[in-house]
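# Results of the structural survey
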Amino acid sequence: CTGTGEYLVGELDLNVLQATISDAHHVPQGTVIVVDQTGTLLAHPNFQLVEEYVNVGDLAIVRRGFQRDFNLIYWHDGSFWVGSVSRVKPTNWIVIEEVPLLVVYSPYIGAILGMALLFVIIFSLAVRDFSLQLQRKLVTPLVYLSTCSDALARGDYSPSDLRLDDT
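Summary of the structure given here.

Turning next to the overall build of the protein chain. Scanning the protein chain from N- to C-terminus turns up four helices and five strands. For the protein chain, buried positions account for 21% of its 167 residues. The long-range fraction of contacts in the protein chain, counting pairs at least 24 apart against all pairs at least 6 apart in sequence, stands at 34%. Summing over all exposed atoms, the protein chain offers an accessible surface of approximately 12,300 Å²; the carbon and sulfur share of this is 62%.

Take the nonpolar core next. In this structure, Val35, Leu41, Ile61, Val62, Val85, Ile94 and Ile96 are the most contacted members of the largest nonpolar core, which totals 14 residues. Broken down by secondary-structure element, the contributors of at least two residues to this core are strand E1 (31-35), helix H3 (60-65), strand E3 (70-76), strand E4 (79-88) and strand E5 (93-100). Sorting elements by how many residues they give to this core places E3 first, with three residues. Apart from residues no more than four positions distant in its own chain, isoleucine 96 is found in contact with Thr31, Val32, Ile33, Val35, Ile61, Val62, Ser84 and Val85.

With that settled, the discussion passes to the environment of valine 85. Along the chain, the position of valine 85 falls in strand E4. For the pair valine 85 and isoleucine 96, spaced 11 residues apart in sequence, the C-alpha separation works out to 4.6 Å. Leaving out residues up to four positions away in the same chain, valine 85 has contacts with Ile61, Gly65, Arg68, Asp69, Phe70, Ile94, Val95 and Ile96.

Glancing now at the pattern of salt bridges. Throughout the structure, instances matching the rule amount to one salt bridge. For arginine 128, the salt bridge identified is with aspartate 129, shortest N-O distance 3.1 Å. Among the residues examined, arginine 128 registers a relative accessible area of 46% and is labelled partly exposed. Note on aspartate 129: relative accessible area 39%, which makes it partly exposed.

Across all of its chains, the model carries three aromatic pairs by this definition. Ring centres 6.0 Å apart and planes at 20° place the aromatic pair phenylalanine 119 and phenylalanine 123 in the stacked group. Of this pair, phenylalanine 119 and phenylalanine 123 both sit in helix H4 (residues 101-153), four residues apart, which is roughly one turn of that helix.

We now examine the sheet that holds E1. Strand order in the open sheet formed by five strands is E2-E1-E5-E4-E3, and the pairing between neighbours is antiparallel. Lying at the two open borders of the sheet, with one neighbouring strand each, are strand E2 (41-43) and E3. Shown here is a sheet whose adjacent strand axes are inclined to one another by a mean of 35°, direction ignored. As defined by bridge partners, E1 adjoins E5 across five bridges and the pair is classed as antiparallel. Each bridged residue has a counterpart across the sheet, and for valine 32 the counterpart in E5 is glutamate 97. With respect to the sheet, H4 is in contact with E3, E4 and E5, its orientation differing from that of E5 by roughly 50°.

Positive phi values are uncommon outside glycine, yet tyrosine 53 reaches one of about 55°. Judged by its relative accessible area of 65%, tyrosine 53 is exposed.

Judged by how many residues are buried, E1 sits mostly within the fold: five of five residues are covered. Judged by which residues are buried, E1 turns out to be covered on both faces: Thr31, Ile33 and Val35 on one side and Val32 and Val34 on the other are all buried. Bridging between E1 and E2 involves two bridges; their strand directions are antiparallel. Considered in E2, the bridge of valine 35 is made with leucine 41.

Parameters at a glance
Every residue gets a number counted from 1 within its own chain, in the order that chain's sequence is written. A pLDDT threshold of at least 70 governs which residues receive local features in this predicted model, and a stricter bar of 80 or more applies before side-chain atom pairs are shown or counted, although totals over entire chains, interfaces and linings include all residues. As a rule here, side-chain values cover all heavy atoms of the structure and leave hydrogens and water aside. Segments assigned H or I by DSSP are reported as helices when at least four residues long, segments assigned E as strands when at least two residues long, and all are numbered from the N terminus. Only protein chains enter the accessibility calculation, which uses a 1.4 Å probe; a residue is then buried when its area is under 20% of its type maximum, exposed when over 50%, and partly exposed in between. Should any heavy atoms of two residues lie within 4.5 Å, those residues are counted as being in contact. Reported accessibility uses the Shrake-Rupley method at a 1.4 Å probe radius. Residues are deemed covered only where the shown protein chains occlude them. In this description, a nonpolar core means a group of buried Ala, Val, Leu, Ile, Met, Phe, Trp, Tyr and Cys residues linked to one another through side-chain atoms lying within 4.5 Å. Note on definitions: salt bridges are taken to be side-chain nitrogens of Lys or Arg within 4 Å of carboxyl oxygens of Asp or Glu. Here a Phe, Tyr or Trp ring, Trp counted by its six-membered ring, pairs with any other such ring whose centre lies within 6.5 Å, and the pair is stacked when the planes are under 30 degrees apart, edge-to-face when over 60, and tilted otherwise. Here a strand pair is declared whenever DSSP counts at least two bridges between the two strands. To obtain an axis, a line is fitted to C-alpha atoms, over the contacting stretch when the element is a helix, and the angle between two such axes runs from 0 to 180 degrees between their N-to-C directions.

So this is what it looks like as structure tokens:
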């Protein structure tokens, strides 16, 4: 029933909608469902759920979907999902499309791993250079000083053969 008191009659074939989404190269692993104002499935890729009048009103995404349109990341069926909710205003139904989060970010995973590897390489080189500088500026003079002190303690006052590089 619309807001003007008129009835809206029509047929919704979610399988066609799902096929259209897949053909348009959107994420084929996603699911599109339509829910009425009571939370009952009106359309689902598994039509048996619609025939059994399954109520999904207790799902958080459905409850929040009646309040406003939004996008949400949530935990569902053992993994994270991205859900998008839109209301069909004249009917007070909501359309939910949900997609596994990994499917959404899979094109970027290779780039993220590449950047992480590059960071590790650059960090390793920086640590190596730092340790070489530390040895050159701090450890080498201390070894030179210790060697000269040991020679003086033994009574050896001859010039040392050790050379201290420019530090």
